[in-house]
Amino acid sequence: MWHWDQGRLAYFQFDELRKIAKYVIENDFRDAEKDDLLAVTGLPFSAPATHSAWRNYSRILKIALLVREAQGRAEPTPVALALARPGEVTCDEYLHFLACAFTEPSPALQDWRPDAPFRYPLLFALKYLLIKTRMGVDSPSATLAEIVGAYGSSGFVGDEREDEFAGVALAASAHPSFVAGRDYRQERESLRVIAQLSYLHYEGQTLSVALTASDAANLFEQLMPVDGARARTRDAEIQRLARLFDSGDARPASDFGQRITLAIADTGFREGSKLTRAHVTIERNARLRREFFSARNTTVCDVCVMDTARSYPWTKGVLDLHHLLPLSSGTRVTAHGTRLEDLVPVCPSCHRAVHRYYDQWLQDHGRPDFLDMADAQAAYDSAKAEYPGFVPHV
């Protein structure tokens, strides 16, 4: 089965990768000091005193396509350059490309060779989930064990047809091939990484999809292996893949049909850019919404503090979800599931007003997106503070 870097989920969060990307552009990660990395990224980069940060974490940076080794240095790739620029790349764009480019074996690992028979396990996982949506399965989802088992038993590369994937999905549901007792930690870790995609939700070792059947079908057709002539060395292959991402030629589209495009006008954003579409897709994720309000049984708007259950006693489903991270960000994921702490409940009027505030705030600051999580949180807090009835928490 495929190899990843287990126990490093926090380092693969999209917003953390953006911070790491900025660091590797300005510094040679081979000489990185743990204290400097902690100051820049907030991540500990823990390692024994005898080990450098590079020795313990280089595989993360290479799997993520952020660096390659050249002339004894850790050189930033075009992917790092793109991620470091606010608003240039969305989480969906990056993770879709990573899924289409990540191979078994991976050039980040020792067993890679240019003439290997390559397979695309993360691409398989996404297409497996999408085909379940396409098949009309109620609440389309799959456990991580089911996905890993189906991949192992199918022998698929990742570019197979819809009907072939449908056959695998039916067989896996009827006769799971996951081997009990086997250690699948690395595979599970990688699947948690792609759970950051805007239309996915992760909970209880299960990935769920929130797309229409037509959008799932369109995305299924767009997701294809990043192929082409392989480079002769592992680091050269990492650079080749990174250049394909930078060119845009191998990036799958991340616009999920008219359902989101037409919804932009209802959310308060003035323009339906790829950033606003990514943001709105998360906020309209039906599974995420259901899980949030199941865990947070509230009917009170976080901005105006209106109790919508009292104002509209005939319904409890008035509140929207607002995503507090940068517009380009996905949802953050832990080993237990999608983080709900990055979401707040707001009434539709306040939600529209906050998005208008974001439009103006970004325009005033000359930015396409917020710099990081703290920047986005500060803008939201500023919007709340300008609400006439705002009462700060003591």
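Residues numbered from 1 in each chain as written. Predicted model: local features only at pLDDT ≥ 70, side-chain atom pairs only at ≥ 80, totals over all residues. Heavy atoms only, no water.

A. Broad picture of the overall build of the protein. Scanning the protein from N- to C-terminus turns up 18 helices and seven strands. On C-alpha atoms alone, the protein measures out to a radius of gyration of 21 Å, which is about the 21 Å that the 2.2 N^0.38 rule sets for 394 residues. Once the C-alpha set of the protein is aligned to its principal axes, its extents read approximately 65 × 50 × 40 Å. Going through the 394 residues of the protein one by one, you find that 55% of them count as buried. Long-range pairs, those at least 24 residues apart, make up 71% of the contacts in the protein between residues at least 6 apart in sequence. (Helix = DSSP H or I, 4+ residues; strand = E, 2+ residues; numbered from the N terminus. Rg over C-alpha atoms; globule rule 2.2 N^0.38 Å. Buried < 20%, exposed > 50% of the residue type's maximum accessible area, 1.4 Å probe, protein only. Contact = heavy atoms within 4.5 Å.)

B. Just the pairing of strand β4 (residues 200–203), in detail. Relative to strand β5 (residues 206–209), β4 runs antiparallel, the two sharing four bridges. Counterpart to Leu200 in the pairing with β5 is Val209. Two successive antiparallel strands, β4 and β5, enclose a turn made up of two residues, where Gly204 displays a positive phi of approximately 55 degrees. (Pairing = 2+ DSSP bridges.)

C. Region of interest: the packing of aromatic side chains. Under the definition given, this model contains 23 aromatic pairs. Consider the rings of Phe29 and Phe45, whose centres lie 5.9 Å apart with planes at 55 degrees: the pair is tilted. A residue pair is termed long-range when its members are at least 10 positions apart, and Phe29 in the loop between α1 (14–26) and α2 (34–41) and Phe45 in the loop between α2 and α3 (53–63) qualify at 16 residues. Among the residues examined, Phe29 registers a relative accessible area of 0% and is labelled buried. Assessed through its relative accessible area of 0%, Phe45 is described here as buried. (Phe/Tyr/Trp six-rings, centres within 6.5 Å; stacked < 30°, edge-to-face > 60°.)

D. Geometry of a negative patch on the surface. Together, Asp31, Glu33, Asp35 and Asp36 make up a negatively charged patch on the protein surface. Among the secondary structure elements, Asp31 is positioned in the loop between α1 and α2. Taking relative accessible area as the criterion, Asp31 reaches 57% and is therefore assigned exposed. (Patch = residues over 30% accessible without salt bridge, like charges linked within 9 Å, V, L, I, M, F, W, Y side chains within 5 Å. Areas by Shrake-Rupley, 256 points an atom, 1.4 Å probe, with all protein chains shown as cover. Salt bridge = Lys/Arg side-chain N within 4 Å of Asp/Glu carboxyl O. Lys, Arg positive; Asp, Glu negative; His and termini not counted. Charge placed at Lys NZ, Arg CZ, Asp CG, Glu CD.)

E. The arrangement of a nonpolar patch on the surface in detail. Judged by side-chain polarity, Met135, Val137 and Leu170 come together as a nonpolar surface patch covering roughly 250 Å² of accessible area. Residue placement: Leu170 occurs in helix α8 (residues 162–174).

F. Molecular detail of the state of the cysteines. All told, the structure shown has zero disulfides when counted by the stated rule. The thiol of Cys91 is not disulfide-bonded; the next cysteine sulfur, from Cys100, is found 14 Å away. When its relative accessible area of 1% is taken as the criterion, Cys91 is described as buried. Distance from the sulfur of Cys350, which forms no disulfide, to the nearest cysteine sulfur (Cys347) is 3.5 Å. (Disulfide = S-S within 2.5 Å.)

G. Expanded view of the nonpolar core. Ranked by size, the top nonpolar core spans 87 residues in total, and within it Phe29, Leu66, Tyr94, Tyr128 and Leu191 carry the most contacts. Here the element with the most residues in this core is helix α6 (residues 121–134); it accounts for nine residues. Filtering out sequence-adjacent residues up to four positions away, Tyr94 remains in contact with Phe14, Leu17, Ala64, Val79, Leu83, Val89 and Phe245. Among the nonpolar cores identified, the runner-up in size contains 30 residues, and Phe292, Val303, Cys347 and Ala376 belong to it. (Core = buried A, V, L, I, M, F, W, Y, C linked by side-chain atoms within 4.5 Å.)

H. Summary view of unusual backbone geometry. The omega torsion across Glu104 and Pro105 is 0 degrees, close enough to zero to call that bond cis. Structurally, Pro105 can be placed in the loop between α5 (91–101) and α6. With a phi close to 65 degrees, Leu65 is a non-glycine residue in the positive phi region. Looking at the secondary structure, you find Leu65 in the loop between α3 and β1 (67–70).

I. Quick peek at the pairing of β5. Going residue by residue along β5, you find Thr206 and Ser208 tucked away on one face and Leu207 and Val209 tucked away on the opposite face as well. Where strand β3 (residues 141–143) meets β5, three bridges bridge the pair, whose relative direction is antiparallel. By the bridge assignment, Ala142 is partnered in β5 with Leu207.

J. Broad picture of the pattern of salt bridges. Summed over the entire model, instances satisfying the criterion amount to 26 salt bridges. Note that Arg68 and Glu75 form a salt bridge whose closest N and O atoms lie 3.5 Å from each other. One network of salt bridges, with partners in common, ties together Arg30, Lys62, Glu69 and Asp235.

K. How the structure looks around α5. Of all eleven residues making up α5, eleven are buried, and the element is well covered by its neighbours. Within α5, the full set of buried residues consists of Cys91, Asp92, Glu93, Tyr94, Leu95, His96, Phe97, Leu98, Ala99, Cys100 and Ala101.

L. Structural view of the environment of Leu241. Tracing the sequence through the fold places Leu241 in helix α11 (residues 234–247). Looking at Leu241, the relative accessible area reads 2%, which means it is buried. In contact with Leu241, other than residues within four places in its own chain, are Leu65, Phe97, Ala101, Pro107 and Val226.

By themselves, these figures tell us nothing about what the structure is for.
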